[in-house]
Amino acid sequence: MKTLFINACVREESRTRQLAYYYLEKNGMPFEELDLEKERAMPLDRAGLLKRGELLEQGKTDDPLFRNANQFREAGEIVIAAPYWDLSIPAILKDYIETIDIVGLTFHYVADDVPKTLSKVRKLVFLTTAGGTMINDDYGYGYLKAIFENFFEVKDFVYFKAEKLDLYGADPERILAETRAEIDRYFAEES
Ligand SMILES: Cc1cc2nc3c(=O)[nH]c(=O)nc-3n(C[C@H](O)[C@H](O)[C@H](O)COP(=O)(O)O)c2cc1C
């Protein structure tokens, strides 16, 4: 199963990225990385939406505009790392989702209104860290889970988080070590 790592961690010293690399190392599988800081997906504006529609109508799905979608649909495991920002995910990750969630390329509708996947994606691993306490998981992980369940028929979800890293008197190293231990337990149970 091919692993694709979607890196939405923009800070050079990002702790979320460190956790993701820990997971990927433990996973032991070769992976491809898409660094959204370096290869930013543009938000869909009017011109972009029109161009996308035209290309799809012409069947030009190998156009560079669909690079992310084509890369995504070939992966079996998607690993996403994103810090908890403004109770949710960074906008660059939302922009990325707009580039992969494409009717006729990564999913389609057959007879009813239930989307069917056109991708090989079977598993989502999501890692996040928060400065404080996450008020709930719905705006970040919950949103991604819904996307993957609805459009890509994914049933295998794995979620790791480290919270309260920036609170006064916090010991971020200890908190991160606990999350790494959780990752260790996950692989111990898997084997
Ligand atoms: C733009 C921005 C928004 C943030 N919003 C929140 C927030 O809503 N709640 C929270 O607990 N922490 C928030 N934080 C703190 C981060 O979640 C925390 O520092 C996280 O560990 C950063 O991850 P990183 O080390 O991978 O960059 C925010 C940080 C930034 C830079």
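Worth saying up front: this structure is predicted, and the values here are computed from it rather than measured.

Draft legend 1. Region of the structure containing the site of the ligand. As a structural note, the neighbourhood of the ligand is formed by 15 residues, with Ser14, Thr16, Tyr84, Thr129 and Asp166 the closest of them. Separating an oxygen atom of the ligand from a side-chain N or O atom of Arg15 is a distance of 2.9 Å. Looking at the shell around the ligand residue by residue, the class counts come to 6 nonpolar, 5 polar and 4 charged.

Draft legend 2. Structural view of helix H3 (residues 67-74). Within the span of H3, buried status applies to Asn68, Ala69, Gln71 and Phe72. Seen end-on, H3 carries its buried residues on one side only, within an arc spanning 165°. The secondary structure elements touched by the buried residues of H3 are strand S1 (3-7), strand S2 (31-35), strand S3 (77-81), helix H4 (91-100) and helix H5 (138-152).

Draft legend 3. Local environment of the pairing of strand S7 (residues 156-162). Burial runs high along S7: 5 of the 7 residues are buried. Pairing analysis gives 7 bridges linking strand S6 (residues 123-129) to S7, with the strands arranged parallel. Bridge pairing in S7 places Val125 opposite Val158. Following the backbone out of S6, through H5 and into the adjacent parallel S7, one traces a crossover that is right-handed.

Draft legend 4. Structural view of the layout of surface pockets. In this structure, the largest pocket encloses a volume near 330 Å³. Taken together, 17 residues line the largest pocket, and the ones lying closest to its centre are Ala41, Met42, Leu65, Asn68 and Thr99. Among the secondary structure elements, those contributing two or more residues to the lining of the largest pocket are helix H2 (46-57), H3 and H4. Of the residues that constitute the lining of the largest pocket, the class distribution is 8 nonpolar, 3 polar and 6 charged.

Draft legend 5. How the structure looks around the environment of Phe187. Mapped onto the elements of the fold, Phe187 is located in helix H6 (residues 172-190). Remark: the alpha-carbon pair of Phe187 and Tyr23, spanning 164 residues in sequence, is separated by 9.1 Å.

Draft legend 6. Fine view of empty space enclosed by the protein. Within the structure shown, the criterion is met by 1 cavity of 30 Å³ or more. There is about 30 Å³ of room inside the largest cavity. As for the largest cavity, its lining consists of Ala82, Pro83, Tyr84, Ser88, Ile89, Phe126, Thr128, Met134, Gly140, Tyr141 and Tyr159. Broken down by secondary-structure element, the contributors of at least two residues to the lining of the largest cavity are S6 and H5.

Draft legend 7. Spatial organisation of the packing of aromatic side chains. By the definition in use, this model includes 16 aromatic pairs. Here the aromatic rings of Phe5 and Tyr21 are separated by 5.6 Å at their centres, their planes lie at 65°, and the arrangement is edge-to-face. Remark: Tyr21 occurs in helix H1 (residues 15-27) and Phe5 occurs in strand S1; sequence separation between them is 16 residues. Judged by relative accessible area, Tyr21 falls into the partly exposed class, the value being 33%. Ring centres 6.2 Å apart and planes at 80° place the aromatic pair Phe5 and Phe31 in the edge-to-face group. Here Phe31 lies in strand S2 and Phe5 lies in strand S1, a separation of 26 residues in the sequence. Residue Phe5 is classed as buried on the basis of its relative accessible area, which comes to 0%. One aromatic cluster is present, formed by Phe72, Phe107, Tyr109, Phe148, Phe151 and Phe152 through successive ring pairs.

About the cut-offs
- Residues numbered from 1 in each chain as written.
- Predicted model: local features only at pLDDT ≥ 70, side-chain atom pairs only at ≥ 80, totals over all residues.
- Heavy atoms only, no water.
- Near = heavy atom within 4 Å.
- Polar contact = N/O pair within 3.5 Å; in protein donor to acceptor, adjacent residues only side chain to side chain.
- Nonpolar A, V, L, I, M, F, W, Y, C, P; charged D, E, K, R; others polar.
- Buried < 20%, exposed > 50% of the residue type's maximum accessible area, 1.4 Å probe, protein only.
- Helix = DSSP H or I, 4+ residues; strand = E, 2+ residues; numbered from the N terminus.
- Arc of directions from axis to C-beta.
- Contact = heavy atoms within 4.5 Å.
- Pairing = 2+ DSSP bridges.
- Right-handed = clockwise from strand over helix to strand, strands pointing away.
- 1 Å grid on protein atoms, 1.4 Å probe; cavity = no way out; pocket = protein on both sides within 12 Å on 5 of 7 lines; lining within 4 Å.
- Points joined across faces, edges and corners; volume = space filled by probe spheres on them.
- Phe/Tyr/Trp six-rings, centres within 6.5 Å; stacked < 30°, edge-to-face > 60°.

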